Amino acid sequence: MAGELGPLIAELDALTARLEAARPFNIGFPGAIDFDYAPLAPLFAHQLLNNVGDPDIDGIAANHTKAMEREVVSFVADLLRAPADDRWGYVTTGASEGTLYALHLARSLYPGAVIYHSEAAHASVAKAIELLGMPQVVVCADEHGELDYDDLASQIACRRDRPAVVVANIGTTLTEAVDDVRRISAVLDGLAVYRRFVHADAALSGIPLALLDPSQRPGFDFADGADSLIVSGHKFIGSPMPCGVVVVKASHRSRLAPSLAYTGSPDVTITGLRSGHAALVLWYALRRFGIEGLRTRAEQCRELAAYTHGRLVGIGWSAHRHEHAFTVVLKTPPAPVTDRWVLASHGEASHIVCMPGITRKQIDAFVPDLRAAICATPPTATTNNNRRSGLLRRTRPTAPPVAMTGDTR
Ligand SMILES: *Cc1c(COP(=O)(O)O)cnc(C)c1O
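None of these values were measured; they are calculated from a predicted model.

Enquirer: Looking at this model, I keep getting lost on the pattern of salt bridges. Mind explaining?
Expert: Opposite charge on two side chains permits them to pair, given that their charged atoms come into close proximity. What the rule picks out here adds up to 14 salt bridges. Close ionic contact of R81 with D224 constitutes a salt bridge, the shortest N to O distance being 3.2 Å. Here R81 is found in the loop between helix 3 (66-79) and strand 2 (88-92), whereas its partner D224 is found in the loop between helix 8 (206-210) and strand 7 (228-232), with 143 residues between them in sequence. Judged by relative accessible area, R81 falls into the partly exposed class, the value being 37%. Residue R340 pairs with D369 through a salt bridge whose shortest N-O separation is 2.3 Å. Here the residue R340 occupies a position in helix 10 (residues 335-340), and D369 occupies one in helix 11 (residues 360-376), the gap between them amounting to 29 residues. Residue classification places R340 among the partly exposed residues on the basis of a relative accessible area of 44%. Overlapping salt bridges, with partners in common, bring together R81, R182, R217, D221 and D224 in one network.

Below is the structure:
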């Protein structure tokens, strides 16, 4: 029967119970869970919030949150040191859309450009490249996931006649490795490649790294040479729906000619209509936390990650953590552990991501589980090999990493 509330409530309760039961074991995905959005609930009851077209141009209808969206973009752009007089951005459906937007912009600036990214790049990068039909070169990454700058230089040197678009990973998905945008810029300078565009994929780590003391901050943002940058909204900030923020140098957009739509706001984003609720929740979180609150959260995450790393090494389990990272990479535990805990395993390596809301109590429950499983599993002949070959070595792609695909020349 349509319309019966009782059975629906029962199903919603069952969903809530399932989510709550799973929550303590979910330590492998980078979504913050420490923030209460309940004060926004009334705005979810009846209100369509539709941010149509350009966030800078309100348009005809009133049911939008573009003023908040502009505040979010400017907050993020300030953190990422985008030039005050040369910035533009919007709230996306996620970092993936932001990367698609940025690479589309790069292609419009430099038709025929080749995209370079490391083998540790997120799948959304390859997906965007495939959608755009651009030629790509996959560059080697080192054992812990950072771009190999010498390989980048030699790959670009082979194609110096073509514009170069380089995607820098600012916190890779598996190890949270950070590619150095200053070094990438230096490689391009050294080869005199000036028709270039650097996109920084900072989905998880952009905001936390921006909050570091300037003396410790890695080179990853606009001031270091990026032309565009994306962060996710549901990772460090912890929005309850996937979303993100893309920021680009506004001057790059001059060649894109948007059409003015009947909505009164030019259709300049990937999806056209955008969620006004996403902008609203990001605005609310950024205002509530403030810079100091965000910084404290980031520091607490790093402390917990350092603690987790120490505990794992303490029980003799192979683990690695990059400086500043929330992510602790560990040799994939035996099946009884991975059956119970969500660790995002990639073959030999798994990771725990110490996001805001993950507690020491959870780590203190995980480590004894792991230790019990190790004691119950007899050591195998491969144990030493694993150690020697480096636990984080990604499986090499079977195709040579220099293969060009999708060349539309
Ligand atoms: C999570 C992630 C993405 C995808 O971000 P979404 O906001 O989920 O679309 C892209 N790149 C990296 C490095 C990521 O960690």
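Enquirer: I'm lost on the sheet that holds strand 12 (residues 349-353) in this one. Help?
Expert: The strands that make up a sheet pair up through hydrogen bonds in the backbone, lying either parallel or antiparallel. Reading across the sheet, the 3 strands line up as 10-11-12 and stay open at both edges, with antiparallel pairing between neighbours. Bordering the open sheet on either side are strand 10 (319-320) and strand 12, each of which pairs with just one other strand. In the sheet, strand 10 pairs with strand 11 (residues 327-331) via 2 bridges, with the strands oriented antiparallel. Directly across from H320, in strand 11, lies its bridge partner V329. In the packing of helix 9 (residues 276-314) onto the sheet, contacts are made with strand 10, strand 11 and strand 12, and the angle to strand 11 comes to roughly 15 degrees.

Enquirer: Just checking my understanding: could you explain the sheet that holds strand 8 (residues 244-248) for this structure?
Expert: If you walk across this open sheet you meet the 7 strands as 2-8-7-6-5-3-4, and the pairing is mixed. The open sheet has two edge strands, strand 2 and strand 4 (136-139), and neither has a second partner. Adjacent strand axes in the sheet meet at a mean angle of 15 degrees, parallel and antiparallel pairs treated alike. By the bridge criterion, 6 bridges tie strand 5 (residues 164-169) to strand 6 (residues 196-201) in an arrangement that is parallel.

What counts as what
- Residues numbered from 1 in each chain as written.
- Predicted model: local features only at pLDDT ≥ 70, side-chain atom pairs only at ≥ 80, totals over all residues.
- Heavy atoms only, no water.
- Salt bridge = Lys/Arg side-chain N within 4 Å of Asp/Glu carboxyl O.
- Helix = DSSP H or I, 4+ residues; strand = E, 2+ residues; numbered from the N terminus.
- Buried < 20%, exposed > 50% of the residue type's maximum accessible area, 1.4 Å probe, protein only.
- Pairing = 2+ DSSP bridges.
- Contact = heavy atoms within 4.5 Å.
- Axes fitted to C-alpha atoms, helices over the stretch in contact; angles between N-to-C directions.

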